[in-house]
Structure formats: C-alpha cells, structure tokens
Amino acid sequence: MNRLYDSMEPRVIDDDMLKLAVGEQSSQEETGELAKQEGILFKDVLSLQLDFRNILHIDNLWQFENLRKLQLDNNVIEKIEGLENLTHLVWLDLSFNNIETIEGLDTLVNLEDLSLFNNRISNIDSLDALVKLQVLSLGNNQIDNMMNIIYLRQFRCLRMLSLSGNPISEVEDYKMFICAYLPDLVYLDFRRIDDHTKEVAEAKHHYSIEELKHRENLMQARLEEEQVRREELERHKTAFVEHLNGSFLFDSMYAEDSEGNKLSSLPGVSELLEAYRDKFVIICVNIFEYGLKQQEKWKTELDTFNECVHEAIQENQEQGKRKIAKFKEKHLMSLSAIREELEMPNIEKMILECSTDISELFDALMMLEMQLVEQLEETISMFERNIVNLVGLFIENVQSLMAQCRDLENHHHEKLLEISISTLEKAVKGDLDEDLSEDVRALFVDKDTIVNAVGASHDIHLLKIDNREDELVTRINSWCTRLVDKIHRDEIMRNRKRVKEISLYIDHMKSELDNLEYSDILD
Amino acid sequence: MEVLREKVEEEEEAEREEAAERAEWARTEKMMRPVEVRKQETTLTQETLGELEKQLSEIQIPVSAELPTFAKDTIDISALPVSYKTNTPKEEQLLQLADNFSRQYSHLCPDRVPLFLHPLNECEVPKFVSTTLRPTLMPYPELYNWDSCAQFVSDFLTMVPLPDPLKPPSHLYSSTTVLKYQKGNCFDFSTLLCSMLIGSGYDAYCVNGYGSQDLCHMDLTRDVCPLTVKPKETIKREEKALPKKYTIRPPRDLCSRFEQEQEMKRQQEIRAQEEKRLKEEEERLMEAEKANPDALHGLRVHCWVLVLSGKREVPENFFIDPFTARSYSTQDEHFLGIESLWNHKNYWINMQDCWNCCKDLIFDLGDPVRWEYMLLGTDKPELSLTEDDSGINDEDDVENLDKEDEDKSFDMPHSWVEQIEISPEAFETRCPNGKKVIQYKRAKLEKWAPYLNRNGLVSRLTTYEDLECTNILEIKEWYQNREDMLELKHINKTTDLKTDYFRPGHSQALRVHSYKSMQPEMDRVIEFYETARVDGLIKREETPRTMTEYYQGRSDFLSYRHADFRPRVKKLTLSSAESNPRPIVKITERFFRNPAKPAEEDVAERVFLVAEERIQLCYHCREDHIIASKREFLRLSEVDSKGNKIIMMPDMCITFEVEPTEHTKKLLYQYETLMHLKKEEKLSRHQVWESELEMLEILKLREEEEEVHTLTISIYDTKRNEKSKEYREAMERVMQEEHLQQVETQLDYLAPFLVQLPPGEKLTRWQAARLKDECLSDFKQRLINKANLIQARFEKETQELQKKQQWYQENQVTLTPEDEDLYLSYCSQAMFRIRILEQRLNRHKELAPLKYLALEEKLHKDPRLGELLKMFT
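Conventions and cut-offs
Residues numbered from 1 in each chain as written. Chains lettered and ligands numbered in written order. Predicted model: local features only at pLDDT ≥ 70, side-chain atom pairs only at ≥ 80, totals over all residues. Heavy atoms only, no water. Helix = DSSP H or I, 4+ residues; strand = E, 2+ residues; numbered from the N terminus. Contact = heavy atoms within 4.5 Å. Areas by Shrake-Rupley, 256 points an atom, 1.4 Å probe, with all protein chains shown as cover. Buried < 20%, exposed > 50% of the residue type's maximum accessible area, 1.4 Å probe, protein only. Salt bridge = Lys/Arg side-chain N within 4 Å of Asp/Glu carboxyl O. Buried area = accessible area lost by both parts, 1.4 Å probe. Polar contact = N/O pair within 3.5 Å; in protein donor to acceptor, adjacent residues only side chain to side chain. Pairing = 2+ DSSP bridges. UniProt positions renumbered as here; feature names shortened; annotations may be inferred. pLDDT = per-residue confidence, 0-100. Axes fitted to C-alpha atoms, helices over the stretch in contact; angles between N-to-C directions. Parallel < 35°, antiparallel > 145°, perpendicular 65-115°, else oblique. Nonpolar A, V, L, I, M, F, W, Y, C, P; charged D, E, K, R; others polar. Patch = residues over 30% accessible without salt bridge, like charges linked within 9 Å, V, L, I, M, F, W, Y side chains within 5 Å. Lys, Arg positive; Asp, Glu negative; His and termini not counted. Charge placed at Lys NZ, Arg CZ, Asp CG, Glu CD. Phe/Tyr/Trp six-rings, centres within 6.5 Å; stacked < 30°, edge-to-face > 60°.

Engineer: I tried to follow the overall build of chain A on my own but got confused; where do I start?
Structural biologist: Across its full length, chain A holds twelve helices and ten strands. Taking as baseline every contact in chain A between residues at least 6 positions apart, the subset at least 24 positions apart corresponds to 59%. Surface accessibility of chain A: about 29100 Å² in total, with carbon and sulfur atoms responsible for 52%.

Engineer: It is not clear to me how the overall build of chain B should be interpreted in this structure. Could you clarify?
Structural biologist: A tally of helices and strands in chain B yields 22 helices and 25 strands. Going through the 873 residues of chain B one by one, you find that 41% of them count as buried. Expressed as a percentage of contacts within chain B between residues at least 6 apart in sequence, the contacts between residues at least 24 apart total 58%. Accessible area for chain B stands at about 52200 Å²; split by element, carbon and sulfur atoms hold 53% of it.

Engineer: How do you make sense of the pattern of salt bridges when you look at a structure like this?
Structural biologist: A side chain with one charge can pair with a side chain of the opposite charge if their charged atoms come near. Applying the stated criterion to the full structure yields 57 salt bridges over all chains. In this structure, Lys-330 of chain A and Asp-357 of chain A form a salt bridge, with 3.1 Å as the shortest nitrogen-oxygen distance. In this pair, Lys-330 of chain A sits in helix H9 (residues 269–340) while Asp-357 of chain A sits in helix H10 (residues 344–429), placing the two residues 27 residues apart along the sequence. Classification of Lys-330 of chain A as partly exposed rests on a relative accessible area of 48%. Look at Asp-357 of chain A and you get buried, because its relative accessible area is 15%. Here Arg-770 of chain B and Glu-774 of chain B are joined by a salt bridge, their closest N and O atoms 2.9 Å apart. Placement of both Arg-770 of chain B and Glu-774 of chain B in helix H20 (residues 765–811) is noted, with a separation of four residues, approximately one turn of the helix. Note on Arg-770 of chain B: relative accessible area 41%, which makes it partly exposed.

Engineer: Hey, could you run me through the interface of chain B and chain A in this one?
Structural biologist: The parts lose accessible area when they come together, and the size of an interface is often stated as this lost area. With 34 residues of chain B at the contact, the number on the chain A side is 42 residues. Contact between chain B and chain A buries roughly 3400 Å² in total, counting both sides, with carbon and sulfur atoms accounting for 61%. Area buried by chain B at its contact with chain A is led by Tyr-246, Ile-248 and Ile-626 of chain B, which between them contribute 25% of it. If you look at where chain B meets chain A, you find six residue pairs in polar contact (both at pLDDT 80 or more). Where the side of chain B that touches chain A is concerned, the elements lending two or more residues are strand E23 (614–619), strand E25 (653–656) and helix H17 (667–708) of chain B. It is H17 of chain B that contributes the most residues to the side of chain B that touches chain A, four residues altogether.

Engineer: For this particular structure, what's the right way to read the environment of Gly-211 of chain B?
Structural biologist: Residue and element names in this part refer to chain B. Structurally, Gly-211 can be placed in strand E3 (residues 203–211). Judged by its relative accessible area of 1%, Gly-211 is buried. Sequence separation between Gly-211 and Arg-300 is 89 residues, and the spatial gap between their C-alpha atoms is 5.9 Å.

Engineer: Honestly, the pairing of strand E12 (residues 457–464) of chain B in this entry has me stumped. Any pointers?
Structural biologist: Both faces of the sheet carry side chains from a regular strand, because those side chains alternate between them. Residues and elements named next belong to chain B. Counting buried residues in E12 gives seven out of eight residues, a clear majority hidden from the surface. Of the strand pairs in this sheet, E12 and strand E13 (residues 472–479) are connected by seven bridges, and their pairing is antiparallel. Opposite Tyr-464, over in E13, you have Ile-472 as the bridge partner.

Engineer: For this particular structure, what's the right way to read the UniProt feature "coiled-coil region" (unreviewed entry) in chain A?
Structural biologist: Feature annotation in UniProt assigns "coiled-coil region" (unreviewed entry) to the following positions: residues 209–236 of chain A. Within residues 209–236 of chain A, the helical portion is 100% and the strand portion 0%, while the C-alpha atoms at the span's ends are 40 Å from each other.

Engineer: I would appreciate a short explanation of the confidence of the model for chain B in the present structure.
Structural biologist: Detailed reading of predicted coordinates is not advised where the pLDDT is low. Averaged over all residues, the pLDDT of chain B is 78; the fraction at 70 or higher stands at 80%. Across the interface, the model reports ipTM at 0.73; the global pTM reads 0.65.

Engineer: Got a minute to help me understand the packing of helix H4 (residues 174–181) of chain A against helix H5 (residues 195–204) of chain A in this structure?
Structural biologist: The description of two helices packed together rests on the angle between their axes and the distance between the axes. Residue and element names in this part refer to chain A. Contact geometry of H4 with H5 gives a least axis separation of 8 Å together with a crossing angle of 85°. In terms of their interaxial angle, H4 and H5 are classed as roughly perpendicular. Judged by residue contacts, Met-176, Cys-179 and Ala-180 of H4 engage Thr-197, Val-200, Ala-201, Glu-202 and Lys-204 from H5. Here the residues of the contact of H4 with H5 sort into five nonpolar, one polar and two charged.

Engineer: What is the right way to read the packing of helix H7 (residues 248–255) of chain A against H9 of chain A from this model?
Structural biologist: All names here are of chain A. Between H7 and H9, the shortest axis-to-axis distance is 8 Å and the interhelical angle comes to 130°. Classified by the interaxial angle, the pair formed by H7 and H9 is oblique. Between H7 and H9, the residues in contact are Leu-249, Phe-250, Asp-251, Met-253 and Tyr-254 and Leu-273, Tyr-276, Arg-277, Phe-280 and Cys-284, respectively. Among the residues making up the contact of H7 with H9, the classes are represented as eight nonpolar, no polar and two charged.

Engineer: Sorry, what's going on with the sheet that holds strand E2 (residues 47–49) of chain A here?
Structural biologist: Across a sheet, paired strands are connected by hydrogen bonds in the backbone, their directions being either parallel or antiparallel. Residue and element names in this part refer to chain A. Judged by pairing direction, the sheet is mixed, and its eight strands sit side by side in the order E2-E4-E5-E6-E7-E8-E9-E10 without closing on themselves. Two strands bound the open sheet, and with one partner strand each, they are E2 and strand E10 (191–192). Pairing geometry for strand E4 (residues 69–71) and strand E5 (residues 91–93), over three bridges, is parallel. Looking at E5, one finds that Gln-71 is bridged to Asp-93.

Engineer: I would appreciate a short explanation of the sheet that holds strand E7 (residues 335–342) of chain B in the present structure.
Structural biologist: All names here are of chain B. Pairing is antiparallel in the open sheet, where seven strands are placed in the order E6-E5-E4-E3-E7-E8-E9. Every other strand in the sheet has two partners, leaving strand E6 (326–329) and strand E9 (371–373) as the edge strands with one partner each. In this sheet, neighbouring strand axes are inclined to one another by 35° on average, regardless of whether the strands run parallel or antiparallel. With four bridges joining them, strand E5 (residues 318–321) and E6 adopt antiparallel strand pairing. Looking across to E6, one finds that Phe-319 is bridged to Tyr-328.

Engineer: Mind showing me how you'd approach a negative patch on the surface here?
Structural biologist: Residues and elements named next belong to chain A. Together, Asp-194, Asp-195, Glu-199, Glu-202 and Glu-210 make up a region of like negative charge exposed at the surface. It is H5 that provides the largest number of residues to the negative patch, a total of three residues. In this structure, Glu-210 sits in helix H6 (residues 206–238). Note on Glu-210: relative accessible area 39%, which makes it partly exposed.

Engineer: I tried to follow the packing of aromatic side chains on my own but got confused; where do I start?
Structural biologist: Each aromatic ring pair is described using two quantities: the centre-to-centre distance and the angle formed by the ring planes. Residue and element names in this part refer to chain B. With the rule as written, the count across this model stands at 34 aromatic pairs over all chains. Between Trp-304 and Phe-335 the ring centres are 4.6 Å apart and the planes differ by 50°, which places this aromatic pair in the tilted class. Linking Trp-304 in strand E4 (residues 301–308) with Phe-335 in strand E7, this pair joins segments that are 31 residues apart in sequence. Judged by relative accessible area, which is 0%, Phe-335 ranks as buried.

Engineer: Looking at this model, I keep getting lost on unusual backbone geometry. Mind explaining?
Structural biologist: Residue and element names in this part refer to chain B. In this structure, Ala-325 is a non-glycine residue whose phi angle is positive, near 65°. The buried category is assigned to Ala-325, whose relative accessible area is 11%. Here Arg-442, not a glycine, exhibits a phi torsion of approximately 55°, which is positive. Among the secondary structure elements, Arg-442 is positioned in the loop between strand E10 (435–440) and strand E11 (443–448).

Engineer: Help me understand the side chain of Glu-680 of chain B, please; the structure alone is not making it clear to me.
Structural biologist: All names here are of chain B. Among the structural elements, Glu-680 can be located in helix H17. In terms of polar contacts, Glu-680 uses its side chain to reach the side chain of Arg-606, at 2.7 Å. Setting aside its immediate chain neighbours within four residues, Glu-680 contacts Arg-606 and Phe-608.

Engineer: In this structure, what is going on with a positive patch on the surface? I would like to understand it.
Structural biologist: All names here are of chain B. Together, Arg-782, Lys-786, Arg-793, Lys-796, Arg-840, Arg-843 and Lys-851 make up a positively charged patch on the protein surface. Elements with a minimum of two residues in the positive patch: H20 and helix H21 (817–861). Here the positive patch gets four residues from one element, more than from any other, and that element is H20. The topology assignment puts Arg-840 in helix H21. Exposure remark for Arg-840: the relative accessible area of 43% places this residue in the partly exposed category.

Right, here's the structure in full:
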C-alpha cells in the first residue's frame, strides 16, 4: 500500500493517543467544558474514532467496556487483536488496512456492521460468533473462492454484502451465484438486488441449492438429535443415575476383564452370563427409575421452598415500603413546617422530633428485617433437614439395590467357579472340548491358576460396582451440601444488602436534616 | 300466629256446627277460598248476609276518579269478523259441555264461587275462556322472552279496575279489541300476555284467583322501585391458599389475650346497642309505611299468569303479574288463592286448600286430585311428561300450535280471536300516547316513547326523601338517540351534583361528566373513553385551583398529571382563560414502570416546582429493594459571585441512590439530566395549558349540545329519516317511470295478428307477407277511422254552431243581455274547438301517409318478418 503515511513511523495505540482521541470527540460548548473539568472515563465512552493515525498494532482498548462503535480505518494494521473485551461493539470499521486473515472477533457477539474493505484477505472464515451480523463489507480484497459465499449462508441477518474488487467478482456467474445462495440478501455491492434478478438466479442454481439445503437440513437434524441426547443425559446426571438405564455398567464390568471374557467361552457359561446380565440390568433400571422419581421429589421440594421464601420476602418488602411511604409523608410535612417556622427554639424542637422519627423508622425497618431473618432461618433449616433426609433415604435405597448387584455377582462367581473346576477336572482327564482356544486352555493348567483367574474377574466386577456406587453417593452428597450452602449464602447476601440499603437511607435522611439545621443556623 | 290460631279455632267450630251437611263433601270442603272468606261463608246466615252487604256497600274502593273505564258501548264491533259474533257448532258443544261441567261442579262444591268459564265477548256472545287465548308468536325479537313480553303488555295497556272487585268480570274481550283501545282489566291483560307467552313457547296459564289490594289496583306505592335497588355486590370469597410446606410462621403475637377479649366484649356491646337502635328505627319506619289493613283482604278477584317450568328452559314455576310485569315466586304473599286456571287447550279447577295463600299449592296439573280438569283427552302436561316426549313437544309446540289443535279429536276448538297484531308504530310507541307514569314507594317513574320528546328523554326516575313524595332526593333521566350520545343524566338534589353519562361515540370521547356548574375552572370530573383518545386520557378532575389527569396505555408510560395553580393575576385587559392562563405553581407527573429500563433509571414521579425552580425526581423501586432512589435539582442562580456563568455545581443536585453508581455522580450526567428535565418541564406546562383549553372547548360544546339536542335517526328508520324517505320516494318514482316505459316498448304491434297463426311455428314467407299486408291494412283502417272521427266531430261542432247562430238570429230581439253574453261566449268557444279540430284534421292528413310508411319500414326491419319479406321483395 503506497500511502502518504508510509513515510511516518508506524505506531501502537497507547494511552496518550486514546486520551487525545476521546478529548477531541467531546468538545461541544458547555458539556465539553464540564467533561474537561471532570475528565472522561474510558468505560463511559460509546464511540471512538482512530483513523489516519498510522496504527500498526491495536492495544490498550480493554478499558472501553461499553464501546459501541470503533473506527480503525486507514491505518496499517496487519492483525486483528486486542478487541476481546469490547463485547458491546456493534460497529467495527477496519477498512484500508493490511489485514490478511480474519481473526480475533470471536467475542464480539453483538457486532452488526463489519467493514474490512481494502485489505488483503483471501478467505472468509472465523466469523461464526457474529450471529447478528447485518452488513459485511469485504470489497477490494483477495477472495478468489466461490465457496466462501456458502460460508456466509449461516448469517441469517445478513442483508448487505460487498465483494467487488475481489478476484471472484470477475467470475461471470458472480452476481447470480451470490443472489441464489444468499436469498435474504438485499444489497450487493451497494446496489439493491431486484426481484427479477433473484428469480433468475434461483432458477439457475435451483438444483445445487436444493442439494445444499438438503445437506444442511440433515446436519441440522443431526445436531438437534445430538442436543436432545445431551439434554437427556444431563437430566440423568442431575439425578445422579446416568447410564444406569441399560447394560452400560454391566458392559463396563467386562470391558477390562480379560479373564472373564476368556471364561465366557466355557460351555454353559454363556447361558449363565446371559441370565446374570438380564437380572443385573433389571436392578440397574430399577435404580435409574428410582433416581428419576426422587429427582422429581427434590425438585418439587425445592420449588415450594423457593416459592415460599419468595412470598415471604415480598410480603416483608411490602410492609417495609408501606412504612417508608408513611414516614415520607410525615417527614415532608415536618420539613416544610420547619422551613416556615421562625422561632429558633421551636425549630430545634421540631428537628429533634424529626430525628427521632428517623431513628424510629430505622428501628422499625430493622425490626422487620430481623423478623424476616428469623423466619427464614427457621424455614431454611426445615428445608435443609428435609432435603438431607430425602437424600439419605435415596442413598440407602441405592445402596441396598447395589448390594443386590453384588449378591448377583457373588452368585455368578460361585457358579463360574463350579463350572471352571469341573472343566479343570475334565481337562485333567483330558477330555476337554476341542474348540476351546489356546488362551483358555492355558488357564486350565492347575487349580490355582483357574481359581485366581476367576477371582480376578470377580474382583474387577466388584470394584466396578463399588466405584459406581461411590461416585453416586459422593456426587449427591456434594450436590446437597452445595445447595444448602447456596441457600444460606443467598440469605446472608440478601440480609446484608437490605441492612445496607436501610442504613444508607437513614444516613441520607439524617444528613439531609443536618443540612437543614446548618442552613437554618446560617440564615 | 295468633290470628291463625283463631282462624283455626273458628274453623273447627264451624265444622262442628255443620258437620252433618259437610260429612258428604269432606274432600272438597276444605277448598279454595282463603280462610277469611270461608270464615264468612261458614257462618252465613240471613243477618250476617245483610251485614256483609252493608259492610260491602260502605267500603269505598279507592279507585281514583280519573281511572279510565272500559265501557262496552265505546267499542266498535262492526269491523270484527264473523267468528266474533257467532259460535261454531263445536263452540256451542263446548259451551254446553262447560255448562254441564259447571253444574256438576256447583253441585259438588256448593260453597265455592261459580266458575269463570264463558264470559261474553265484546259482541255479547258467550265464549269459552280457553278459546279467547290466541297463541301468537310476535314478529319482534324483543318479545321473545317472558320478561320483555310482560313489560310490553304492562306498558302497552292502561289498567282498568274490575267493575266489581269481588267478582270476575261478565265480559272478556278479545285481545284484538284490547289492543285496539289499549286498555283492559286484569283478565284482559293476562289473556293477552298468556297468548303471547304460549306463542313464544312458554308453558303459560291464565290464573283466576285472589290477590292483595296492591296487586289488584296496580298500586306500587309500597314497593321499592326496581331501578333504585342497587344490585347486590357479590362478595368474592377469596380462596385462601392452603399454607404451603415452607410457609414462614407469622411472628409471635405478644399482645395479651385477655385484653383483647375485654376489648372485643366492649366493642360488641357498643355494636349491639347500635344495632338495637337501628332496628328500632327501622321498625318505626316500617310501621309508618305499612298499609292500613284491607277489609276485603282475600276477596279481591285478580287474574295473572302462571308459567310452569320445563319449556323454554324455565327452571321453576313462577307467577307474572300482568299489570306490573313483575315475576313473583309461587309462594309470594300477594297471591291469596287460586280458583281455576286455563291455557288454550284446557281448563283446570284448583281442588287444593288455599288457607295459606298459594304457598302450599302444587302445580302438577296432571294430578286429578289436586286439579280437576274440564276436557278429557287433551294432554295432561305434568303426568304425561316423560323425557323423550317433552323433547318433541319443545320443538313442535311453537310451530305446530294450530296443527296440533286440529289433530286431536275432541279438543278445544280453534280460537275465535284473530291473530294478535301489533303494528311497528304501536310497538315503538308502547304506552298509550307514548307516556306512562308509575308511582313507587318514594319514587316516581315516567316513561316516554322514543322521539316523543324533542330532547330524546325516554324515562325519568324521581326519588323522594319521604313517603308523600314532596322532597326530591335525586332525578335520573334516561335519553335515547341523542346525537351527543348522552345516555343518562343524574341530578342529586341534595348535593346539587349533576352527572351525565355518555355512550361511546361522543366527539370528545366523553364518558361521564359530573359537575355542579357549567362555569369553567369549577369542581368537575370528566371521564373519557380512553381508547377513543390519542393521548389515552381516562379522567380529568378539576377544582378551582387544581387539575388532575389520569392516563392509561401511553408510550411514555405517563399515568398521572397534577397541576396546582395560583389565582390569576389581574390584568387590565379583558382576561379570559384562553388569553391569560393561570400561573402554575407545581406539576406532578407519575409514570408506570417502563420494563425496558432498569428500575433505578426509570422515573416514577417527577415534580416540577415551577415557582421555586426545583425539580424532584423519584425513581421506581427495584424488585429486591424497599427504598427508591430520588434526586432533586435546585436552580440556585445562573451567575456565581464573580459573575461567571454557572453551568452546573455539585450542590445543585441532591441525590439519594440505593446503589450508588459511578457515572451518575458526574456533573456531566447531572447537567444533561437537568437540561432534559427543563425541556420536559416546558412541555408539561404546555400540556397543562392545552388541557385547560380543551376543557373550555368541551364545556362550550356541551352547552351547545344541550341547547340543540338533535336526535339521530337510524338509516334503517324509514319513517323518520327524511332523507332516506325522499330518496326512497324518488327511487320509487323512477322505478314506476321505467316500468311504464317498459310496458310501452313491450307493446307489440304484431301481436294481434300473430295470435291468429298457430303458435310456436316458424312463419312461412307467404304467411309473413300476409301478416304484413294485414298489419298495414289494419293500420290504414285505423288512420282512416281516426280521420273520420275527427271529421265527424268537426262536422257536429259546426252544425251545432250553425244551429245556435240560427237560434240567435231568430231570437235576437228578445234576448236578455245575460243570454247574449252566454251566446257570445259559447260562440267563441265553439269557434275555438272547430279551429282546433280543423288543425288536427289537417295535421292528421299530413302525417297519416308518413306514419303508414314508417310502419311499413318498421315491419321490414322487424326480426320476425324482415328476412322473409326481403326474400319476397
């Protein structure tokens, strides 16, 4: 880019530059004077203009939290960076720079207008986060692949696009292609797309678009399915019984159990295993269903609790408001009375009265608050008791079900051992089935080996069951404690806030009264 | 109770006396008549009879002199159809049957009054009462329900008392006559109402019985006017939600239970005393209101309508008093006994005892023990009523009333009365002469027909303080069809407060206007239909010093604006509210919560203290807070001590924020807010000023409307709507002209000749030619005839003239000047006639050939002949 400023030294955005820019922007008569007197906080600035400053590197913009509009055009920026904190940005101008790739825009979810005109961009991507994008200006770049257009299909709000001056705009089908693939577009290259063009374009690319749409729909459907599945799992997780509605646990028991797998090829074992599996799964499903049912219970419990607490707080607030309203009325009357009163001793008396009124109000409000705190405390402890009981009951039941699982496993173990030993006897006698694999045969060397193998398998299974149980119990316990903690914490926060609010108000009233006193004395 | 016991004792005594006689009729003896009557009857001897007679003659029936009478001789019977004047054989048979029935009845129940079976009609012909009922379904949808129907009958007819209050009348006129003269007694009223009710599908009956004095004389002065009775507010019982599991416990009550109880006791005592006092007062009032006892209580004959449940979804039996159109329960104490009842099909006699008025009566007409029916074979309503059957009845009854009558073998003959007809004009006028006055207890109700009063007044209710109706308490006037949509005017005489109620559609969207005087800037409240106003104003209240406005549904969420004024500064120029608005002291504005803004930035109330140059803001309260933020701006001075211009000083703004934030402390923010508020203040002041102007305008408009009080006329009202009437007449004229033209054009000159030919066949060429010739020759003949006719007239005229001239010449000498004048005038007239005839003859001679040719031409062109003739020529 041969520009005038090439001779100047490239710069980085620094504090001085920003202050200057902010100061320049707001110089209008009285407001400007006031602003100068006080100085402007960067976070109050809504728009910032930093054009023609030979900026090479974007930096120091993190303070502009509430910035809506940022102009960085006509600089020598090569990389988009340092914009992560400007999440409220709606309007971003980066035209006439030296940017080569689009990047660093992933946090700007509110962006509606993005200009990257006259840069060196060759590929459109990394815009996925900008769901609200309406205007996109990419003219005078080096985009040469038509497939970039298809990428733009995901922006439902996009109404204006400019791509002139790119290699693709030279392509003969350029306009038709864009009109067909982006049917919601209204302006292309700063011109309105008329309906006729749209129709022609659609007719021309009908088939390919249909295909594309079909593919997109399939994708969408798959995504939705995935979403549903994930939600389901999430729900199960909150009930702490995920993966228990099938043979998942059973399968995981045998996943790492090589001996068990080997032994399953023994005659008679597969039937045994089948029956075992069925019974096991039934118990798992029982646990699962029980868990879901219990979850419903916790939820209704929690809901009623929240509702009641909310009602209580509302009621209390209403009372407080009424008290304050009554006080305000009286206070206003007495204030005006004081103002009109001429005699000093009378004024003093009235002021005294007023201050007693204020402190009375304070007492009343604090009393209300304390009352509420007590009431809530009681309710919360009741809720805590109930929820802990419920959880305890749930754990107990789950444990008993798990014990059933263990019983099954033990039973299975015994049976397996029996078969194994009988097989060993056969092996010793030498009339072992021919079709057993070498690995399995290796187990039937002597009694210790086979017993060890069966024992190891049994241990693995038990371990798995124990692990699952432990996981469930720890998670539910931690959930329970966290819930109770949160309720307590919220209540404390609420109380603090209210007390602060009350004391602030009282302080304000008192100082107002003091001021009055003061001014009276002055008079 | 005591009275009752006494009666019972007397009854027993009487029974003992006449035990022998009465043993036979044990069943029927405890009949019908209310106790008082029986009491007199049972001890009836010669002396008592005479005494009674004397008593009766002494009784002054409080019939006011102006009450109209309905004398027979005023009725014009000439126009009535033949069925009114004679009886059909079937009717004769029925009358015989009725006589027989009556004889049997009087034999069986000698102590009961004779039956009211076949009174004479207006043509002095006895007619059975059931045939006098003529079920008719009226063509007015307003008359489909019993209440409006009864109201119509009571409005439409003027009440005439019975000639003898103790006997049923000797005549029962047809509804035709009653409607024509718009007056009648209770029997006429009931007959008409019953006919209409049966016609619209109700199971209605005329009842001949005994009523209280008030009822018989249509005396409502002891009844509270139904319009003054306020509808009872249904107290909504709030469903108290069950305390939920975690509902907080209420704080402990630290008051002494004992003290509370003591307090309660004390209060109860006070209340009891109060109640007692109230009760006593009430009783005193009641006593004052109570009527002096009626000597003829229980003897006064009355006729009313009974509606039985079942049809038309009537849930319960009830009575309708036709005079007042009120419905009463069958237990009402106004109704003292029933002799008999009838509908258009049958006649029943009550066999139940009426010692306790009508309270114990059971209206199961199918029960022959309780109700003795006259005609066998007609359906007995109650007993035969099964479910499927009733369903069919419901559907059929209205449409097939006449048919049903014919179907049954020995039924009541068809009614001799013509179908009841009420003209739309009469229906609209309702009351005789369109005006009716009803006197209620402490109230007077006047009714007028719509359009009768020039200002649209249709009814007026005057409520009085006292029973004598001297001190007016309040007046309510209802209007209809007013152009300014005024519906109700309510004047409270004690407070002098007038309230006008408007229907939607007033040009200023007025709804209610209450005021004491029409002077501007006085106490008044105006309510508006806020949906009809752009600014969403609901209500504006004015007092001499303030104005308050209430809004709803505005985009700026304004809900309330209150302005305080200072008295107007006297100016030398002629001051009016328009040119010299009152100075505003203070404006208070309140806003609804704007959900788009956070609560601490959403202003709830702002007060512009215009005089003090102060602005107070109060913000909305956040959901989890109890205290709202507020801010107060003071404008101390524009210039500081050194003469520099002050833009903004920290002490110009006093702020209290519930949650202090950084940016609101900035002077810049405060300055901008202040500037904005200043602008708003200006706007608000302007708004107030505009509201004042609007009030003036409304008042002016109201005054104009009151003066003009034009009435609107519906475009469907063809009689009153002049414009539409003219238009319609014009249309009719045009139509008629068009019709005439059509007739003319349709006159076919070939028709007489075509008729001679066989119809439907195509003409041959020869026939066509002949047709043409015939037609032409006929026409020629006509022309010649015409010429001859004119010629003949001409000649006749000439001859006569000559004769006259001759006569004149002969008698010239003897003629008087008058005769001469006569002759001369005759001559000039004859000459004129002759000249005209001559002219016509000449003209005919000229035109005849042309006409002939024209016809020939026309025949050539005629589609029926043209082609054939062309070929021919």
